[in-house]
Every structure is written in C-alpha cells, then in structure tokens.
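Residue-level listing of the chains:
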Amino acid sequence: MMLNQTTSHLLMVRPVRFAFNEETAGNNAFQQRSDEAGENGLQQQALKEFDDYVALLRQNGVRVTVVDDTPYPFTPDSIFPNNCFSTHLDDKGRTLVLYPMFAPNRRDEREKLRPLLVEMPFDKVVDLTHWENDAHFLEGTGSLILDRQRHMAYACRSPRTHEEVVADWAQQLGYDYFLFDSTDDNGTPVYHTNVVMHVGIDVAVVCLDSIRDDHQRAELVRRLADSGKEVVPITQAQVRQFAGNMLEVSNIHGEQLLVMSDTARQSLTPSQFDTLSRHTRIVAPPIHAIETVGGGSARCMIAEIF
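(A) Looking closely at unusual backbone geometry. Residue Pro73 is bonded to the preceding Tyr72 through a cis peptide linkage, with omega at -5°. At Ala135, a residue that is not glycine, the phi angle is positive and equals roughly 60°. Note on placement: Ala135 falls in the loop between strand E5 (124-127) and helix H3 (140-143). Ala135 sits in the partly exposed class, given a relative accessible area of 48%. Residue Phe242 is not a glycine yet carries a positive backbone phi of 70°. Its place among the elements puts Phe242 in the loop between helix H6 (236-240) and strand E12 (247-250).

Take a look at the structure:
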C-alpha cells in the first residue's frame, strides 16, 4: 500500500491568551520578548494573523478544523498543536499518537485536546505521555520529520527529542528512523527538527550546515537521495527566518501546496524558490508576531489529520 505523504485536512487552535512562554524559552532560541503592544495587544495581533492564515488556507482549498483555546489553564503555546499529537493512516487503519511534552503548560495543551481527539474514529491510540515520568520527551512533528510514504522518520537530538522515545514511537508505528545532531551558530542544540528540515513528496529542505558531524551529514543526504528526494540546502541565516519550517499539504482539488510563512518565503533565493515551485505551489501567510514571540512558524501551527 502506497501511503499518502500529504493530507487536505488540518487542525488549528485559535489562541485566547497568546504570550511569551517562560517554560519553553530556555531551549527555544527563536523566542523573543515583545512588550510593545502589551499582553492584550499581542493577543489581538496573534488572533488576526491566525484568522488570516486560516482564511488563506481555505481560499486555497484546504479543509481546516479550528478549535478554540480556553483561557484556563494558561497555555500560551496552544497555537502550535502539531507537537501534542499526530495522526497516521496505513493499511491497518487510523492511528492517533499523543506525545510527552517538555513544558508542563504544554502538557495542559495536550490534555485540552485529548477529549476531542479520542472521540475521532481512530483504530489505535498510541499514548507516549508516560515518558514524562522519566523526563524523556518527544514533541510530535516538531521532533519528527516524517517520510510517510516510506515509513521513515528523521529527528535531531535535543532536550525535547529523546532517543528512547523515538525508538518506542518507531516500534509502535512500524517506522525506521535516523537520528542526527543539529546545532545553531553558537553550538546550541536545535530544539525541534522541523526548524531545520522539511520532507515532502519530491523535495527535502535541510540546513546541512547545522549538522557538524561529517558522517551524519553524508548519511542524511544519502538517505534522502535514495528515497528520491531533491535536496534543497538552506543556510543558518535562513533557518533564523524559519525557512526550514514548512509543510507540504494537498487541497480538495488534488493540488500540492507548500505552506511556509511570508518571512520564510522572502528568505529563499530565486533558485530555491524555483526548485520548490516546480513541485508545489507556495502559500505563505504573514505571521510575524506569532513567529517572534512564540518561536514557531507556519508549519508548527498546523496539525495534519489523516
């Protein structure tokens, strides 16, 4: 059975108290404080960016289910639901996976979503949240970049991506996986794989400069090439503009779209843009306030429903 890499159904969580998350800032170098608009002003900026993003996806033929966050408990990162859960479809049916989260207030996000998710018609639920008791974490498709067609996962080690949990996930989902180490210019481990890497049907985007180990870098390129992907390298500077944070989705007309933020799109070189546009049509919402304060971008805001 050839599995689908993309889906035309996405879930997004509408923010109610978007703010700088103190509990995640220690290992997310992308987060920046912004007190210019105050708490209420920031929430209103994020809300407008969110609503415009949803409207843009729907205009492009993507089905979007919007879930409204609740004020309590306080979950400032609820706008990034892809870390809490993932869904999968194969010849054995539909699977829901729930993930162990590094920050306590991000666990609250997951528990808010849990009742909705478990009511969906899944054939299997894989609950990995018990790993939190061992302080071992794996944050969904932030930690895992999936080649769903080949049952292959890529992940970079970090405080939020523990190898034992990756192995458990892979065993239960029937995936192979490749682990590597990725750092920023300062040598700090990258907190989520999806800021340095994207895998689509025909193209893989990756910051090879972030992988300092020559063997790991060569092996990653080999695996991507062997799987038929055209590799598009991006720079550390482009990573800081969220150029690694993108997701290929389909729409109701069967067209392939590549979703990234306007910040990411503007960072691409003409050659990179042309390569990506040969395979997909780029959709790029402006989400500057969300990116700046939340430290996540367009891919982080969309959870795939298979």
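(B) Examining helix H5 (residues 214-226) more closely. The end-to-end C-alpha distance of H5 is 18 Å, a good match for the 18 Å that 13 residues give at a rise of 1.5 Å each. Listing the buried residues of H5 in full gives Gln216, Glu219, Leu220 and Leu224. Each buried residue of H5 lies within a common arc of 130° when the element is viewed along its axis, so the set occupies one face. Across from the buried face of H5, at angles greater than 90 degrees, the exposed residues are Asp214, His215 and Asp226. Contacts from the buried residues of H5 go to strand E7 (152-156), strand E8 (176-180), strand E9 (197-199), strand E10 (203-206) and strand E11 (230-233). The distance from a side-chain oxygen at the start of H5 to the backbone nitrogen of His215 is 3.0 Å, and the residue carrying that oxygen is Asp213. Positioned one or two residues after H5, Gly228 has a phi angle of 85°, which is positive.

(C) Representation of the pattern of salt bridges in the model. Using the criterion set out here, one finds 25 salt bridges in the structure. In this structure, Arg107 engages Glu132 in a salt bridge whose closest nitrogen and oxygen atoms are separated by 3.7 Å. A residue pair is termed long-range when its members are at least 10 positions apart, and Arg107 in helix H2 (residues 104-118) and Glu132 in the loop between E5 and H3 qualify at 25 residues. Assessed through its relative accessible area of 22%, Arg107 is described here as partly exposed. Between Asp147 and Arg150 there is a salt bridge, with the nearest N and O atoms lying 3.6 Å from each other. Given the relative accessible area of 1%, Asp147 is considered buried.

(D) Representation of the sheet that holds strand E6 (residues 145-147) in the model. One open sheet accounts for three strands, arranged E6-E7-E8; its pairing is mixed. With partners counted over all chains shown, the strands left at the sheet margins are E6 and E8, one partner each. The sheet shows a mean angle of 20° between the axes of neighbouring strands, direction not considered. Here E6 pairs with E7 via three bridges, running antiparallel.

(E) Seen up close, the nonpolar core. Ranked by internal contacts, the top residues of the largest apolar core, which has 33 residues, are Tyr154, Phe180, Met197, Leu220, Met260 and Leu276. Mapped onto this core, the elements with two or more residues apiece are E7, E8, E9, E10 and H5. Here this core gets four residues from one element, more than from any other, and that element is E10. Among all residues touching Met260, those that are not within four sequence positions of it are Asn245, Met246, Arg265, Leu268, Leu276, Ile282, Val283, Ala284, Pro285 and Ala298. Formed by 26 residues, the second largest nonpolar core is a distinct cluster that contains Leu10, Ala46, Leu57 and Met301.

What counts and how
Counting restarts for each chain: residues are numbered from 1 in the order of the written sequence. The predicted nature of this model means local features are confined to residues of pLDDT at least 70 and side-chain atom pairs, given and counted, to a pLDDT of 80 or more, with totals for whole chains, interfaces and linings taken over all residues. Hydrogens are left out, water is left out, and the side-chain values use all remaining heavy atoms of the structure. Think of it this way: any DSSP run of H or I at least four residues long counts as a helix, any run of E at least two long counts as a strand, and we number them from the N terminus. Relative accessible area decides the class of each residue, using a 1.4 Å probe on protein chains only: under 20% of the type maximum gives buried, over 50% gives exposed, and in between gives partly exposed. Expected span, for any helix, means 1.5 Å times one less than how many residues it has. What the arc covers is the set of directions going from the helix axis to the C-beta atoms. Only heavy atoms matter for contacts: two residues are in contact if any of them lie within 4.5 Å across the pair. Whenever two N or O atoms come within 3.5 Å, that pair is a polar contact, provided that in protein one can donate a hydrogen and the other can accept it, and provided that, for residues adjacent in sequence, both atoms are side-chain atoms. The salt bridge criterion pairs a side-chain nitrogen of Lys or Arg with a carboxyl oxygen of Asp or Glu, the two atoms within 4 Å. Only strands joined by at least two bridges in the DSSP assignment are considered to pair. Angles here are taken between N-to-C directions and fall from 0 to 180 degrees, while the axes themselves are lines fitted to C-alpha atoms, restricted in helices to the stretch in contact. Buried residues of nine kinds, namely Ala, Val, Leu, Ile, Met, Phe, Trp, Tyr and Cys, make up a nonpolar core once their side-chain atoms join them within 4.5 Å.

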